[in-house]
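For reference, the chains in residue letters:
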Amino acid sequence: MNPYVLAVLLSSLGIGTTLTLASSHWLLAWMGLEISTLAIIPLMAQQHHPRAVEATTKYFLTQATAAAMILFASTTNAWTTGEWNIQEMSNPTALALITMALALKMGLAPVHYWLPEVLQGLDLTTGLILSTWQKLAPFALIYQISPMMNPSLMTMLGLASTIIGGWGGLNQTQLRKILAYSSIAHLGWMMIIMQYSPNLAILNLILYITMTSATFLTFKNVASTKLSTLTLTWSKTPMMTTMAMMTLLSLGGLPPLTGFMPKWLILQELTKQNLPLTASIMALAALLSLFFYLRMCYAMTLTIAPNTNTNTSTWRQKSSQTTMTLSITTTLALILLPITPAIMALTT
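Being a predicted model, the structure only gives us computed values, none of them experimental.

Calculation rules
Residues numbered from 1 in each chain as written. Predicted model: local features only at pLDDT ≥ 70, side-chain atom pairs only at ≥ 80, totals over all residues. Heavy atoms only, no water. Helix = DSSP H or I, 4+ residues; strand = E, 2+ residues; numbered from the N terminus. Polar contact = N/O pair within 3.5 Å; in protein donor to acceptor, adjacent residues only side chain to side chain. Contact = heavy atoms within 4.5 Å. Salt bridge = Lys/Arg side-chain N within 4 Å of Asp/Glu carboxyl O. Buried < 20%, exposed > 50% of the residue type's maximum accessible area, 1.4 Å probe, protein only. Axes fitted to C-alpha atoms, helices over the stretch in contact; angles between N-to-C directions. Parallel < 35°, antiparallel > 145°, perpendicular 65-115°, else oblique. Left-handed = near helix turned anticlockwise from the far one by under 90°. Nonpolar A, V, L, I, M, F, W, Y, C, P; charged D, E, K, R; others polar. Phe/Tyr/Trp six-rings, centres within 6.5 Å; stacked < 30°, edge-to-face > 60°.

(A) A look at the side chain of threonine 233. Tracing the sequence through the fold places threonine 233 in helix α11 (residues 233–236). Polar contacts involving the side chain of threonine 233 include one to the main-chain carbonyl oxygen of leucine 230, which spans 2.6 Å.

(B) Spotlight on the side chain of threonine 330. Examined against the element boundaries, threonine 330 turns out to sit in helix α15 (residues 324–335). Each residue touching threonine 330, except ones within four places of it in the same chain, is listed here: Ala214, Met243 and Thr247.

(C) Structural view of the pattern of salt bridges. All chains considered together, the criterion is met by two salt bridges. The shortest N-O distance in the salt bridge between lysine 58 and glutamate 54 comes to 2.8 Å. Linking lysine 58 with glutamate 54, this pair stays in helix α3 (residues 50–81), spanning four residues, or about one helical turn. Of the residues examined, glutamate 54 reaches a relative accessible area of 43% and is grouped as partly exposed. Residue glutamate 117 is joined to lysine 177 by a salt bridge in which the shortest nitrogen-to-oxygen separation is 3.4 Å. Of the two residues, glutamate 117 is situated in helix α5 (residues 114–120) and lysine 177 in helix α9 (residues 175–194); the sequence distance between them amounts to 60 residues. When its relative accessible area of 18% is taken as the criterion, lysine 177 is described as buried.

(D) Layout of unusual backbone geometry. The step from alanine 109 to proline 110 runs through a cis peptide bond, and the omega angle for that step is 5°. Structurally, proline 110 is set in the loop between α4 (92–106) and α5. The backbone of histidine 48 shows a phi angle near 55°, a positive value even though the residue is not glycine. Its place among the elements puts histidine 48 in the loop between α2 (26–45) and α3. Look at alanine 223: it is not a glycine, yet its phi comes out positive at around 55°. Structurally, alanine 223 can be placed in the loop between α10 (198–221) and α11.

(E) Summary view of the packing of helix α8 (residues 151–168) against helix α14 (residues 276–301). Close contact between α8 and α14 brings their axes to 7 Å; oriented N to C, the two are set at 25°. With respect to α14, the element α8 is oriented roughly parallel. Taken as a pair, α8 and α14 cross one another with a handedness that is left-handed. Residues Gly158, Leu159, Thr162, Ile163, Gly165, Gly166 and Trp167 of α8 touch α14, and the partners they reach there are Thr278, Ile281, Met282, Ala285, Leu288, Ser289 and Phe292.

(F) Representation of the packing of helix α7 (residues 133–145) against α9 in the model. The geometry of α7 relative to α9 is characterised by a closest axis approach of 11 Å and an angle of 20° between their N-to-C directions. Classified by the angle between their axes, α7 and α9 sit roughly parallel to one another. Of the two possible hands of crossing, α7 and α9 adopt the one that is right-handed. Contact residues: Lys135, Phe139, Ile142 and Tyr143 in α7; Ser183, Leu187, Met190, Met191 and Met194 in α9. The class makeup of the residues in the contact of α7 with α9 is seven nonpolar, one polar and one charged.

(G) Spatial organisation of the packing of aromatic side chains. For the structure on display, the rule yields three aromatic pairs. Judged by centre distance (5.8 Å) and plane angle (15°), the rings of phenylalanine 260 and tryptophan 264 are stacked. Of this pair, phenylalanine 260 and tryptophan 264 are both found in helix α13 (residues 260–272), four residues apart, which corresponds to roughly one turn of the helix. In this structure tryptophan 264 comes out as partly exposed when scored by relative accessible area, which is 36%.

As structure tokens, this is what we get:
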């Protein structure tokens, strides 16, 4: 892609999200969502592969549907209450509709079906943008309207996303689909705690973006998109493979890694809110996700490819890819647990 075109698209992506983050008016927020959606579509379709075009079409249709629902719900609220302000949503029907529209935008269960299929059709760089940056704008809107949202609906979305995100990834062999289900599960944790401690939800989002970025960049560096090709990485880059294994375990939420922090704090908050059953279901659902992370770790570090490669060992050549971002995100994904007390002081 032409670098000037790429620069325009990436800046539009940034402007669209920033517009939504900064707006307090539903029309401006809707415009920001549309700008970021239209900016990522050429990036998704740039490969000119049938799968990429199919993924782009699916993404466009789902995002257009969600945007139409947001516009309809905000207009309904303005019609009944005379208020366009995001934090003045008092119409319960409009509020429920807008919650489901934002859930569709992000890929929360039960409106998650598009996310694994779309992510599977994209390259890893665009998939990284879709899994991280594109979640910010809808998340900011949910954060703003969370005090007025129906608690039962939020709990249902959170529990369904965590369970389906864990269950859906169990039988997958494609890494991008596994990461899509991982994304759904993490978004479920954010939704379940949003009504009780929005700051914890933001903490979870920041750490999820850090860990997911590290995972995507690792797979991009070793050029792996299937579970079977991960078996070759151990002989190519043993140190990176070790770090990737620990990053995956961090995504699964195992101590003493960074990923344990949000799960620990969320379960603690749910217990404080006298919701032991919800906390137990969330903890058990996390085990489902942990299983497929362990499968990926096993494939990367404990297996060797069954066939002997007799070709010239091209993987011994020095990689031309920049690894600075990967190094930073991997470090953050592994060592932030000791600063939990400081983060607790900030989020309470």
